[in-house]
Each structure stands twice: as C-alpha cells, then as structure tokens.
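For reference, the chains in residue letters:
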Amino acid sequence: MTAIDAGSTVRLETATADAPKRRGLLFWVIRYLPAEIVGTAAMIVAGLAVTAWTDVPALIALAAIVGESLGFYAVLAITIYAEQSAVSANGRNAVVRTFMLLVAEFGPAELLDTLLVRPAALTLGVWLIPDPVWGLLAGKVVADIIFYAVAAGSFMITAKTGLREGRAKEQDS
C-alpha cells in the first residue's frame, strides 16, 4: 500500500466511523418543527386570505402552498445557515453551502411534493371538508408524510457523504 493509499484509507475509515448513526424521532422534531409551525401558519393565512376572493379549491390550495413554502423555507434557510456558519471558512461559503444543502436535502422531496402530492392533497382536502382550515390541514398531513419520507432520506445522504461537514472537507480539498 502506498502512502497515498494509506492516507485515503485512514480518511475513509474516519469518515465511516464518524458517519451519523440512525437518528431518533427527537432529532427530526427539533430539526423540522419550527419550520413546520411557521409554514403551517403561513399556509392557513394565505389559504384563508384567498377565500375572500374565491371558493375554488384549487386556487385556495395554490395560495396555501405558496404561503407554506415561503414560511417553511425561510426558517430552514436560517437554521441551515446557522449550522453552516459554524463550519464554513467565511459568510459567503456559509451562504453557498446553505443553498446547496437546501437543494440537496429538499430538492427531490420538493419536486414530488410541489408538482404532484401537495396540490392534490390540499385540493382534495378543501373539496372534501367544507371548512377550508380543516381541509387544508388534512391535506397537509397527508402530503407531509410523503414529503418527510423523501426529505429525511436526502438529509441522511448529505450527512453520510460528508456534504454537511464544512471546514474539514474544505481543508482536505
């Protein structure tokens, strides 16, 4: 084994040893609950605001989706920026890493969620349940189950591949 191979093996063994263990429910609650609270409040406000002009379920659902997305991702952008500012060489790197990690963690889930699952679930909820608040909440719960299954998997991939490590990875490069 050459010196390069030995160094690579040590880094590989260290990365494997440091790989995140299976995460418990408390981790996911702490990570996503603040964003969920703000996103849900924004969803209800946006959805109800639109009912002043229309009672079309698809339009109510669309407004709710936009409101929820803005609230949810505002909180997560702040959360991830705080994580990355601690492991980045400077503020610019923290901003770039925040954007990259938002896309890596939520991109696949968001594509499926925004283009298919959430519009259908919210529209169906508002159509089936006469009170728009309860209809939006019922649709949200169904959509969130699918969203988090995909997002949690993406988070674990970013953690296991070292994308969240920051300075240690920047210095190795």
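Note: the structure precedes this text.
Residues numbered from 1 in each chain as written. Predicted model: local features only at pLDDT ≥ 70, side-chain atom pairs only at ≥ 80, totals over all residues. Heavy atoms only, no water.

Q: In this structure, what is going on with the pattern of salt bridges? I would like to understand it.
A: Opposite charge on two side chains allows them to pair when their charged atoms are near. All told, the structure shown has 8 salt bridges when counted by the stated rule. In this structure, the salt-bridge partner of Arg31 is Glu83, at a minimum N-O distance of 2.6 Å. Here Glu83 lies in helix α3 (residues 57-85) and Arg31 lies in helix α2 (residues 25-50), a separation of 52 residues in the sequence. The exposure class of Arg31 is buried, given its relative accessible area of 6%. Among the salt bridges present, the one from Glu68 reaches Lys140, with a minimum N-O distance of 2.7 Å. Of the two residues, Glu68 is situated in helix α3 and Lys140 in helix α5 (residues 132-160); the sequence distance between them amounts to 72 residues. (Salt bridge = Lys/Arg side-chain N within 4 Å of Asp/Glu carboxyl O. Helix = DSSP H or I, 4+ residues; strand = E, 2+ residues; numbered from the N terminus. Buried < 20%, exposed > 50% of the residue type's maximum accessible area, 1.4 Å probe, protein only.)

Q: Is there a simple way to explain empty space enclosed by the protein in this structure?
A: Rolled over the atoms, a probe sized like a water molecule indicates the empty space that remains. The full count for this structure, using the stated rule, is 1 cavity of 30 Å³ or more. Quantified by volume, the largest cavity comes out at close to 100 Å³. For the lining of the largest cavity, the residue count by class is 4 nonpolar, 2 polar and 6 charged. (1 Å grid on protein atoms, 1.4 Å probe; cavity = no way out; pocket = protein on both sides within 12 Å on 5 of 7 lines; lining within 4 Å. Points joined across faces, edges and corners; volume = space filled by probe spheres on them. Nonpolar A, V, L, I, M, F, W, Y, C, P; charged D, E, K, R; others polar.)

Q: Would you take a moment to explain the environment of Thr123 for this structure?
A: Relative to the helices and strands, Thr123 is located in helix α4 (residues 91-128). Of the residues examined, Thr123 reaches a relative accessible area of 25% and is grouped as partly exposed. Note: C-alpha distance between Thr123 and Ala58 (65 residues apart in sequence) is 5.3 Å. In contact with Thr123, not counting residues within four places along its chain, are Pro57, Ala58 and Ala61. (Contact = heavy atoms within 4.5 Å.)

Q: Sorry, what's going on with the layout of surface pockets here?
A: Estimates place the volume of the second largest pocket at around 180 Å³. In terms of lining, the second largest pocket is formed by Leu25, Trp28, Val29, Tyr32, Leu33, Glu36, Tyr148 and Ala152. The greatest single-element share of the lining of the second largest pocket, amounting to 6 residues, is contributed by α2. Class assignment of the residues belonging to the lining of the second largest pocket gives a composition of 7 nonpolar, no polar and 1 charged.

Q: Which parts of the structure should I look at to understand the side chain of Arg118?
A: When you line up the elements, Arg118 lands in helix α4. At a separation of 3.2 Å, a polar atom in the side chain of Arg118 contacts the side chain of Glu68. A polar contact is formed between the side chain of Arg118 and the side chain of Asp144, at a distance of 2.6 Å. In this structure Arg118 touches Ile65, Glu68, Asp113, Lys140, Ala143, Asp144 and Phe147, once residues within four positions along its chain are discounted. (Polar contact = N/O pair within 3.5 Å; in protein donor to acceptor, adjacent residues only side chain to side chain.)

Q: Is there a simple way to think about the nonpolar core in this case?
A: Formed by 17 residues in total, the largest nonpolar core has its most connected members in Tyr32, Phe72, Leu76, Phe106, Phe147 and Phe155. Only α2, α3, α4 and α5 provide two or more residues apiece to this core. When residues in this core are grouped by element, the largest group, 6 residues, is from α5. Not counting chain neighbours up to four residues away, the residues in contact with Phe155 comprise Arg23, Phe27, Trp28, Arg31, Tyr32, Glu105 and Arg164. With 11 residues, the next largest nonpolar core counts Met43, Ile44, Val50 and Ala64 among its residues. (Core = buried A, V, L, I, M, F, W, Y, C linked by side-chain atoms within 4.5 Å.)

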